[in-house]
Amino acid sequence: MKIADKVSKNRIENQIKTLAQIGATGEGGITRLPYTKDERAAVALVKSYMEEAGLQTFFDQFGNLFGKLEGKSTEAPVVMTGSHVDTVINGGAFDGVIGTLGAIEALRVIRENNIPHVHTLEACVFVSEEPVRFRAGTLGSKAAIGDFTQSDLDRLKDKDNISLAQAIKECGFNPEQLESVRRDPAKIKCFVELHIEQSIILETKKLPIGVVDQIAAPTNFRLTLKGKAGHAGATPMNMRNDAFMAAAEIALEIERIAITIGKEAVGTVGEVKVIPNAINVIPGEVILGIDVRDVTSKRKDEAIAEIEKSINNIAARRNIEAVIEIIQKQEPVKTSPQIVDIISSTCNELGLPWCNITSGAYHDALNMAKITDIGMIFIPSAGGISHAKEEFSSIDDIYQGARVLAEVLVKLAS
Ligand code: GLV
Ligand code: MN
Ligand code: MN
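Residues numbered from 1 in each chain as written. Chains lettered and ligands numbered in written order. Predicted model: local features only at pLDDT ≥ 70, side-chain atom pairs only at ≥ 80, totals over all residues. Heavy atoms only, no water.

Undergrad: What am I meant to see in the coordination of the manganese ion (ligand 3) here?
TA: Every protein donor of the manganese ion (ligand 3) is listed here as H84 (NE2), D95 (OD) and H195 (NE2), and their distances to the metal cover 2.0 to 2.2 Å. In primary sequence terms, the donor set of the manganese ion (ligand 3) follows H-x10-D-x99-H. Between the manganese ion (ligand 3) and the manganese ion (ligand 2), both coordinated by D95, there is a metal-metal distance of 3.5 Å. With H84 in the loop between strand 3 (78-83) and helix 3 (97-112) and D95 in the loop between strand 3 and helix 3, this pair connects stretches of sequence that are 11 residues apart. By relative accessible area, which is 0% here, H84 ends up buried. Since its relative accessible area comes to 7%, D95 is described here as buried. (Donors = N, O, S within 2.8 Å, 3.2 Å for Na, K, Ca; no water. Helix = DSSP H or I, 4+ residues; strand = E, 2+ residues; numbered from the N terminus. Buried < 20%, exposed > 50% of the residue type's maximum accessible area, 1.4 Å probe, protein only.)

Undergrad: Looking at this model, I keep getting lost on the domain arrangement of the protein chain. Mind explaining?
TA: How big an interface is tends to be stated in terms of accessible area lost as the parts join. What the domain assignment lists for the protein chain is domain 1 (3-216 + 332-413) and domain 2 (217-329). Here domain 1 and domain 2 have C-alpha centroids that lie 33 Å from each other. Counting from both sides, the interface comprises 15 residues of domain 1 and, opposite them, 13 residues of domain 2. At the boundary of domain 1 with domain 2, total buried surface from both sides reaches about 1200 Å², with 51% on carbon and sulfur atoms. The largest contributions to the domain 1 side of the interface with domain 2 come from R135, P332 and Y362, which together make up 50% of the buried area. For the pair domain 1 and domain 2, the number of links is 1 salt bridge. Across the salt bridge formed by E271 and R135, the nearest N and O atoms sit 2.8 Å from each other. Counting the contacts that link domain 1 with domain 2 gives 3 residue pairs in polar contact (both at pLDDT 80 or more). (Domains from an automatic or database assignment. Contact = heavy atoms within 4.5 Å. Buried area = accessible area lost by both parts, 1.4 Å probe. Salt bridge = Lys/Arg side-chain N within 4 Å of Asp/Glu carboxyl O. Polar contact = N/O pair within 3.5 Å; in protein donor to acceptor, adjacent residues only side chain to side chain.)

Undergrad: I keep staring at the packing of helix 1 (residues 9-20) against helix 2 (residues 37-52) and nothing clicks. Help me out?
TA: Think of two packed helices as two axes; the pair is described by the angle between the axes and how far apart they sit. Interhelical geometry of helix 1 versus helix 2 gives an angle of 155 degrees and a closest axis separation of 10 Å. Taken together, the axes of helix 1 and helix 2 are roughly antiparallel relative to one another. The interaxial crossing formed by helix 1 with helix 2 has right-handed handedness. Contacts between helix 1 and helix 2 involve Q15, T18 and L19 from the former and A42, L45, V46 and Y49 from the latter. (Axes fitted to C-alpha atoms, helices over the stretch in contact; angles between N-to-C directions. Parallel < 35°, antiparallel > 145°, perpendicular 65-115°, else oblique. Left-handed = near helix turned anticlockwise from the far one by under 90°.)

Undergrad: Teacher, can you tell me more about the site of ligand 1 here?
TA: E129, E130, R293, A361, Y362 and H387 make up every residue found near ligand 1. One nitrogen or oxygen atom from the side chain of E130 is found 3.0 Å from an oxygen atom belonging to ligand 1. R293 is positioned with one of its side-chain polar atoms (N or O) 2.7 Å from an oxygen atom of ligand 1. A total of 200 Å² of accessible area belongs to ligand 1 in isolation, and the protein chains cover 95% of it. Broken down by class, the residue content of the shell around ligand 1 amounts to 2 nonpolar, 1 polar and 3 charged. (Near = heavy atom within 4 Å. Areas by Shrake-Rupley, 256 points an atom, 1.4 Å probe, with all protein chains shown as cover. Nonpolar A, V, L, I, M, F, W, Y, C, P; charged D, E, K, R; others polar.)

Undergrad: Help me understand a nonpolar patch on the surface, please; the structure alone is not making it clear to me.
TA: There is a patch of nonpolar side chains on the surface, built from F244, M245 and V272 and spanning about 260 Å² of accessible area. With respect to the helices and strands, the residue V272 is situated in strand 9 (residues 266-275). For V272, a relative accessible area of 48% corresponds to the partly exposed category. (Patch = residues over 30% accessible without salt bridge, like charges linked within 9 Å, V, L, I, M, F, W, Y side chains within 5 Å.)

Undergrad: Sorry if this is basic, but what is going on with the side chain of T81 here?
TA: Counting through the fold element by element, T81 comes out in strand 3. Discounting chain neighbours no more than four positions away, the residues touching T81 are A103, L107, E122, A123, C124, F191, V192, L405 and L409.

Undergrad: I would appreciate a short explanation of the pattern of salt bridges in the present structure.
TA: Where side chains of opposite charge bring their charged atoms close, a pairing between them can arise. For the structure on display, the rule yields 30 salt bridges. Bridged by salt links that share partners, the residues E52, R108 and E112 form one connected network.

Undergrad: How do you make sense of the packing of aromatic side chains when you look at a structure like this?
TA: Pairs of aromatic rings are described using the distance from one ring centre to the other and the angle between the two planes. Taken as a whole and assessed by the stated rule, the structure comprises 6 aromatic pairs. Taking 5.5 Å as the distance between ring centres and 75 degrees as the angle between the ring planes, the aromatic pair formed by F62 and F148 counts as edge-to-face. Taken together, the residues F62 in the loop between strand 1 (56-59) and strand 2 (65-69) and F148 in the loop between helix 4 (139-144) and helix 5 (150-155) connect sequence positions 86 residues apart. Among the residues examined, F62 registers a relative accessible area of 1% and is labelled buried. Clustering of aromatic rings is evident, with ring pairs tying together F58, F66, F126 and F191. In this structure, R183 is placed above the aromatic ring of F66, and the distance from its NZ or CZ to the ring centre is 5.1 Å. (Phe/Tyr/Trp six-rings, centres within 6.5 Å; stacked < 30°, edge-to-face > 60°. Lys NZ or Arg CZ within 6 Å of the ring centre and 35° of its normal.)

Undergrad: Just to check I follow, could you spell out the coordination of the manganese ion (ligand 2) for this structure?
TA: Each donor-metal-donor angle would ideally measure 109.5 degrees in four-coordinate tetrahedral geometry, or 90 or 180 degrees in six-coordinate octahedral geometry. On the protein side, the manganese ion (ligand 2) has D95 (OD), E130 (OE) and H387 (NE2) as donor atoms, found 2.1 Å from it. Between the donor residues of the manganese ion (ligand 2), the gaps in sequence give the motif D-x34-E-x256-H.

Undergrad: Explain the sheet that holds strand 11 (residues 285-294) here, please?
TA: Paired through their backbone hydrogen bonds, the strands of a sheet run either parallel or antiparallel. The antiparallel open sheet is built from 4 strands, whose spatial order is 9-11-7-12. Looking along the sheet, the strands with just one partner apiece sit at the ends: strand 9 and strand 12 (321-329). The sheet shows a mean angle of 20 degrees between the axes of neighbouring strands, direction not considered. Taken together, the 9 bridges between strand 9 and strand 11 define a ladder with antiparallel strand orientation. Bridge pairing in strand 11 links V266 to R293. Strands in contact with helix 9 (residues 243-261) are strand 7 (217-226), strand 9 and strand 11; relative to strand 9, the strand with the most contacts, it is inclined by about 175 degrees. Sitting on the sheet, helix 10 (residues 297-318) is in contact with strand 7, strand 11 and strand 12, with an inclination near 5 degrees to strand 7. (Pairing = 2+ DSSP bridges.)

Undergrad: Even after reading the chapter, I still don't get helix 3, so can you show me in this structure?
TA: Given 3.6 residues per turn, any residue in an α-helix points the same way as the ones three and four places further on. When the terminal C-alpha atoms of helix 3 are compared, their 22 Å separation across 16 residues agrees well with the 22 Å that a helix rising 1.5 Å per residue should span. The buried fraction of helix 3 is high, at 14 of 16 residues. At the C-terminal side of helix 3, N114 shows a positive phi close to 50 degrees. (Expected span 1.5 Å × (residues − 1).)

Okay, structure coming up:
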C-alpha cells in the first residue's frame, strides 16, 4: 500500500476553502496579521483539524502550534513538518496554508493506516512568518531555534507601536518564557516544508514538483530620510531638501544595483511613509522599508554595501540626513542533500516529474536549517503570483504535493 494513495484531495480542498473565509477582505484577498483575532481564529481552526486527525496538540509560549503523532521510540528525534497561516495584507489562500494542511493530512493518513514509525512526527504552525506586522518575518521559527532575545520582543513594534511582547501577551502567551520556546536541536531529526513555489519555473517547465536545493535570505532595513518640509508652491526648486526626491533616487539605485548584480539578487522598496503626506507640502521626512535578497551572503553583503554607499552619496548631495536601521539579516541556506534525494526518489516512485529549484522567498525552513536538516517541496503557482489576492495553485497540484510529503515523512520517520 502506498500511503500517498490514502491522502484525501477532497478533505484538503474543503479545509483550504474553510480557512480562506477567515480574514477574507472585501477586495477578494485575505488578511491575517499575526496575533490578531483573524489569525488566532485560523490557528484555532487548524488546531481542530489536528485534533480530528488524532494529533496531540500543544502551544508554546510564543503562540506556535504543534500537533504530535507519537512514534515507537520516545527517545528518537522528532521529524517536524509544517508552515504558517498568517498572511500579507490582502494575500492569497495558499501561501503557508498548503504546508500546514498538507502536514496534518500526511500525519492523519499515517495514523489512520497504522504506518509504523519509530520517530515522533510533529505538524507545526509557526506564528508571524510574514514580515508585515512587525517588519521582520519567520518570528515563530526564530524563537523555536533560540535566535531571539527578550530585547527583540520589545524592539519589534507594529505601526500602532504595539510591541511583539505585548501582542504575544494579549493572546494569552507568556513572552517572558522565551527560553521555554527554544527547541533542543538534539531532539529534532529534520524539518520538511511543503509550499507553493511563488514563482514561474514549475509552471514554465510544466512540472508538478520542485525539490528545493537552496533558499535565498533577506537583509531588511529601515531608511529614515530627513529633509525640510516646506511650501510646495512658494519654495523654489533650488531651495529644497525634499526627502521624497532623495527616496525616489535611492529606490532607483536599489533597482539598478540588483539588476547589475544579476542572478538571484533582488531588491525591493515595499514600504514608503511620507511625512506629512500632503499634496501641497514638500515631504520633510520619508521612511522606506527595504528588502534585499540573494542566495549567497557574500553577494548580498556586497549589494548592501553598495546600496549604503549610494544612500550616503545621494543624501549628502541633497543635504538630507539618512539613518539606516537593520531590522533583520538572515543567511541563505542549502537544504539537506539526503532529504533532496528522498524527495526526488519519492517523486520518481509516484511518477511525478520534478526539478531542483531555488526558493527566492524565505520560509520557516530557513531558520530550522540552523538547528536541523531541512527539505522543501514546491508545487506550481499560477502565473508565479503570490503575496496577492490572485495567488492560485490547483487542487491537483496541491494533492500531489501532499502525497509526496506523506511518503517522504514515512521514510524519514521509519
Ligand atoms: C516570505 O513570505 C517572504 O517574504 O519571502
Ligand atoms: Mn509569504
Ligand atoms: Mn509562506
